[in-house]
Amino acid sequence: MPEQHTTQRELFESRPEWAEDDARRGTIATVVLSEGVDKPLDYLVPEPLAATVEPGRRVRVPLGRANRERLGYCVAVRHGELPQAPLKSVVGVEDEKPLLSPRMIELTKWMADRWMARWGEVLEAVLPAGVRLRTRIRMSPLLVSSGAAPARSPTPSQAKVLAAAADPKTAEQLAKETGASRAVVSRLVKLGLLREAGTVERPSRGAAAERPAITHDRPAELSPPQESALAAIKDSMRASRHETIVLFGVTGSGKTEVYLQAVEETVSYGRQAIVLVPEISLTPQTCDRFRARFGTVAVLHSHLTPAERHAQWREIASGRVNVVVGARSAIFAPTPRLGLVVIDEEHESSFKQATAPRYHARDVAEWIAKAAGVPLVLGSATPSLETFARCLSGDWRMCRLANRVGGSQLPAVITVDLRERGSRSRGAVSPRLAAGIRWALDGGGQVMLLLNRRGFATHVQCQACGHAARCDQCDLALTLHQPGNRGICHGCGLVTRIPADCPDCRAPGLAHSGTGTQRLEEQIRRSFPDAAVARMDTDTMRSRGSHERTLDAFRNREIDILVGTQMIAKGLDFPAVMLVGVVNADAALHLADFRASERTCQLVTQVAGRSGRGSLGGRVVVQTSTPDHPAIRAAAVHDYEAFVRSELPVREALLYPPYGHIVRIVVRSVDERGASDWAGNVADRLRQEAAAMPLVRVLGPAPAPIARLRDRFRWHVQVHGPDGVALRDLVARATASLKTPDDVAWIIDVDPVEML
Ligand code: ADP
Ligand code: ZN
């Protein structure tokens, strides 16, 4: 804008020309601090750093009166007029290359708004720690920030090195580039003009290298429903038009085969695919199935060391890896040419992050796929009601795969009513379930028993006075674990010895009740001494690899009966399983969570699908005290959609998700009054703001279902309403001016999936 320039110049006539130019125009970086201040801040980019400050790199900036140096992400750079108030300057650049693409920066901004998280927190969350750690020697703040000369003028060779160091480099690179000796570099470090910031990790090659591949034959032809699902995905790819395609298919209907062929198509265009699976399904079997087709596959799971994860990240960014398989955060993998995103078991609540930023990978995946103009494929035997509703509204396309490939039948399901006399005569296993187990073992088959409670007994109580063993720090009953009569709190993990006598009334012997997986295993061993029994829950699966080892042993028929929590309900194909027993289908049905019946129906349907996958046939026995509950009834006839049809109108009438949104605020304090008073404050403010919004309801304050955890009292407030954006604005307005007392902590969870 030359005209404007001229007019302004006239205003500054009294000043020398070069000064006004410098004073009025400049390069400004917008920086989001990784901690602390929430608002993006503007900083001046000094000339020596002009070439290196760019969006996606981290920079060091002074903050506050003391100008304490802080780390932040540069999210934008603009050239132009400087504001009236003087700007502070960027003092250093942290990264050799941008860590984030412009699209990723945009995504993090969107995520921060969508889940009411701090932008800086989101930026930190999308980058693995190993990537963020990678810093190098960089220019001293002293030299750049003030522009003042250091105490002693640098020698010419020192100056050369300093100029080259504006861009982070190793000491060797600096020396080589400038022709200076290493001593010059060392001297500058000693003088404090250069800082050595961490070492450069050279991760071992081959983190993404091939494991011995198992052969997994590509079927000669797809079934007609598989064909049409694949055609829908390919149409979207060829047209470069984003579409979300939902594969609603029973276990064994060939969904994974569709993903594999869709990935093949993507790779054939020279593009990359991200496949998300729940962490628990990231077994070598799953990975091998992808490796057998695609060779090099990057697998991102939570057991990777920062260096391994960093190596994978770099391989992906270089474009050398075409297929990324991973859990939730793999959605942020830096694929340069993304062509497809797949989410398997999309209904799993683990796709929502439980800590800040509390994002849901399904929504993030949709944003990314939309931005890239590529298909998003969601697969499940039991899609979430959110996903179902999007399909019913015509937003997303649903492809049904109603039958198992190869024509194997879904197993017959027998429900055992636990209210009937005699059903509990043999502990947790009813005579009919025991008969089913015998039938399977005698037929040469295997058995899986699901019980979603770990430990030995779920309650320990004095029969004389009613005293129940509870955790000292949490409002939770202790679970008895053997050996050693240990009472373990499943909220905080605290272990206490259960005393022999009642601590209240001194009556001898505390009684325990409620069966956990440990006691079930013991009962099963006693009742079926000829069978090899193993247990799979978080207690037995603590060491790395134990999960895979147990599954391998089960596949190799070294185990006849596998007892476990929901861990055993997921994913895999065991052809010899003839009987699946659900020991207590109601375990999760009556939790204080509006999704309790959805979860129950999903879990029972999923585990039932493990039975009868091979030629031996199969049965399922479901033990329940509420056989007429829609969730149980639907699962018993393998008709998940019947449950969806009964549940959606209920949600709609209450404006619950998927027809409405929820923002939950959880307040914690060591002081009960502190927590309740402050939750009351929040609720009052929300009600004031919500007064003009007829469909918005504020619920609470109330003690959270887990009212105390780790010595913190927990209270919560919920806001429900039809419009998510309006709801978030409301919460932002209501909480903006609140001053949090020191002993109170609180979080905002937008569209929560856990309500405890
Ligand atoms: P899902 O992911 O729905 O559980 P999979 O894709 O794992 O189903 O398929 C179940 C089994 O059937 C696998 O062993 C797979 O190799 C096999 N399979 C899948 N599609 C076909 C097909 N069109 N023809 C023959 N076998 C198939
Ligand atoms: Zn506890």
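Rules used in this analysis
Residues numbered from 1 in each chain as written. Chains lettered and ligands numbered in written order. Predicted model: local features only at pLDDT ≥ 70, side-chain atom pairs only at ≥ 80, totals over all residues. Heavy atoms only, no water. Helix = DSSP H or I, 4+ residues; strand = E, 2+ residues; numbered from the N terminus. Buried < 20%, exposed > 50% of the residue type's maximum accessible area, 1.4 Å probe, protein only. Contact = heavy atoms within 4.5 Å. Polar contact = N/O pair within 3.5 Å; in protein donor to acceptor, adjacent residues only side chain to side chain. Donors = N, O, S within 2.8 Å, 3.2 Å for Na, K, Ca; no water. Tetrahedral: all angles 85-135°; square planar, octahedral: opposite > 155°, others 65-115°. Patch = residues over 30% accessible without salt bridge, like charges linked within 9 Å, V, L, I, M, F, W, Y side chains within 5 Å. Areas by Shrake-Rupley, 256 points an atom, 1.4 Å probe, with all protein chains shown as cover. Salt bridge = Lys/Arg side-chain N within 4 Å of Asp/Glu carboxyl O. Lys, Arg positive; Asp, Glu negative; His and termini not counted. Charge placed at Lys NZ, Arg CZ, Asp CG, Glu CD. Near = heavy atom within 4 Å. Pairing = 2+ DSSP bridges. Right-handed = clockwise from strand over helix to strand, strands pointing away. Phe/Tyr/Trp six-rings, centres within 6.5 Å; stacked < 30°, edge-to-face > 60°. Lys NZ or Arg CZ within 6 Å of the ring centre and 35° of its normal. Core = buried A, V, L, I, M, F, W, Y, C linked by side-chain atoms within 4.5 Å. Axes fitted to C-alpha atoms, helices over the stretch in contact; angles between N-to-C directions. Arc of directions from axis to C-beta.

## Here's the deal with the side chain of R651
Next, step 1: With respect to the element layout, R651 can be found in helix α21 (residues 640-654).
Next, step 2: For R651, a relative accessible area of 2% corresponds to the buried category.
Next, step 3: The residues contacting R651, other than those within four sequence positions of it, are L385, F594, R595, E598, Y656, P657, P658 and Y659.

## Some details on the environment of R309
Next, step 1: With respect to the element layout, R309 can be found in helix α13 (residues 306-317).
Next, step 2: By relative accessible area, R309 is classed as buried at 15%.
Next, step 3: Separated by eleven residues in the primary sequence, R309 and A298 place their C-alpha atoms 9.5 Å from one another.
Next, step 4: Discounting chain neighbours no more than four positions away, the residues touching R309 are P128, L300, H301, S302, L304 and S329.
Next, step 5: A distance of 2.8 Å separates a polar atom in the side chain of R309 from the backbone oxygen of H301.

## Considering the coordination of the zinc ion (ligand 2)
Next, step 1: Around the zinc ion (ligand 2), the protein contributes the donor atoms C471 (SG), C474 (SG), C489 (SG) and C492 (SG), at 2.2 to 2.3 Å from the metal centre.
Next, step 2: Every donor counted, the four donor atoms about the zinc ion (ligand 2) form angles of 106 to 112° at the centre, which fits tetrahedral coordination.
Next, step 3: Overall, C474 belongs to the buried group, its relative accessible area being 1%.

## Topic: a negative patch on the surface
Next, step 1: A grouping of D671, E672, D742 and D743 is seen on the molecular surface, where their side chains present a negatively charged patch.
Next, step 2: Considering the arrangement of structural elements, one finds E672 in helix α22 (residues 672-690).

## Comments concerning the side chain of D749
Next, step 1: Among the structural elements, D749 can be located in strand β29 (residues 744-750).
Next, step 2: Polar side-chain contacts of D749 include one of 2.5 Å to the side chain of K352.
Next, step 3: Discounting residues that sit within four places of it in the chain, D749 has contacts with K352, R358, I662, V663 and R664.

## Some thoughts on the site of ligand 1
Next, step 1: In the neighbourhood of ligand 1, 18 residues make up the surrounding shell, with E221, Q226, G252, K255 and T256 lying closest.
Next, step 2: One of the side-chain nitrogen or oxygen atoms of Q226 is found 2.9 Å away from a nitrogen atom of ligand 1.
Next, step 3: Note that an oxygen atom of ligand 1 is positioned 2.5 Å from one of the side-chain N or O atoms of T256.
Next, step 4: With the chains in place, 76% of the 550 Å² that ligand 1 exposes on its own is no longer accessible.
Next, step 5: The dominant element in the shell around ligand 1, judged by the number of residues it contributes, is helix α11 (residues 255-268), at three residues.

## Quick notes on the pairing of strand β23 (residues 561-564)
Next, step 1: Burial along β23 is two-sided: the residues I561 and V563 and L562 and G564 are all buried.
Next, step 2: Relative to β23, strand β16 (residues 446-450) runs parallel, the two being bridged by four bridges. Directly across from V447, in β23, lies its bridge partner I561.
Next, step 3: The pairing of strand β22 (residues 533-536) with β23 spans four bridges and is parallel. By the bridge assignment for β23, V533 is matched with I561.
Next, step 4: For the crossover that starts at β22, traverses helix α18 (residues 546-555) and ends in the parallel β23, the hand is right-handed.

## Examining the sheet that holds strand β1 (residues 25-33)
Next, step 1: Reading across from one edge, β2-β1-β4-β3-β5 is the order of the five strands in this open sheet, with antiparallel pairing throughout. Edge positions in the sheet fall to β2 (41-44) and β5 (92-93), since each has one partner strand and no second.
Next, step 2: Across six bridges, the pairing between strand β3 (residues 58-63) and strand β4 (residues 68-81) is antiparallel. In the sheet register, R60 faces β4, and the bridge partner there is L71.

## Considerations on the packing of aromatic side chains
Next, step 1: All told, the structure shown has eleven aromatic pairs when counted by the stated rule.
Next, step 2: On the numbers, 5.5 Å between centres and 85° between planes, the contact of W110 with W115 is edge-to-face.
Next, step 3: What makes W115 buried here is its relative accessible area of 2%.
Next, step 4: The lysine or arginine in question, K109, covers the ring of W119, its NZ or CZ lying 5.3 Å from the ring centre.

## Quick word on the nonpolar core
Next, step 1: Residues M111, F332, V364 and L686 are the most contacted members of the largest nonpolar core, which totals 112 residues.
Next, step 2: Look past the residues within four positions of L686 in its chain and what remains in contact with it is I665, V698, V717, V719, L730, V731 and A734.
Next, step 3: By size, the runner-up hydrophobic cluster in this structure holds 30 residues, among which are L230, I245, F290 and A327.

## Looking at the sheet that holds strand β26 (residues 661-669)
Next, step 1: Across the sheet, which stays open at both edges, the four strands sit in the order β27-β28-β26-β29 with antiparallel pairing between neighbours. Whereas interior strands pair on both sides, the edge strands pair on one side only; in this sheet they are β27 (697-709) and β29. Strand-to-strand twist of the sheet, defined as the mean angle between neighbouring strand axes without regard to direction, takes the value 20°.
Next, step 2: Judged from the seven bridges that link them, β26 and β29 form a sheet pairing that is antiparallel. By the bridge assignment, V666 is partnered in β29 with I747.

## Considerations on α18
Next, step 1: Along α18, the positions that sit buried rather than exposed are S546, H547, T550, L551, A553 and F554. Down the axis of α18, the buried set is contained in an arc of 160°. They therefore lie on one face.
Next, step 2: Taken together, the buried residues of α18 touch β16, β22, β23 and β24 (577-582).
Next, step 3: Directly after α18, the chain includes R557, whose backbone phi takes a positive value near 65°.

Any functional reading would require information beyond the geometric quantities listed.
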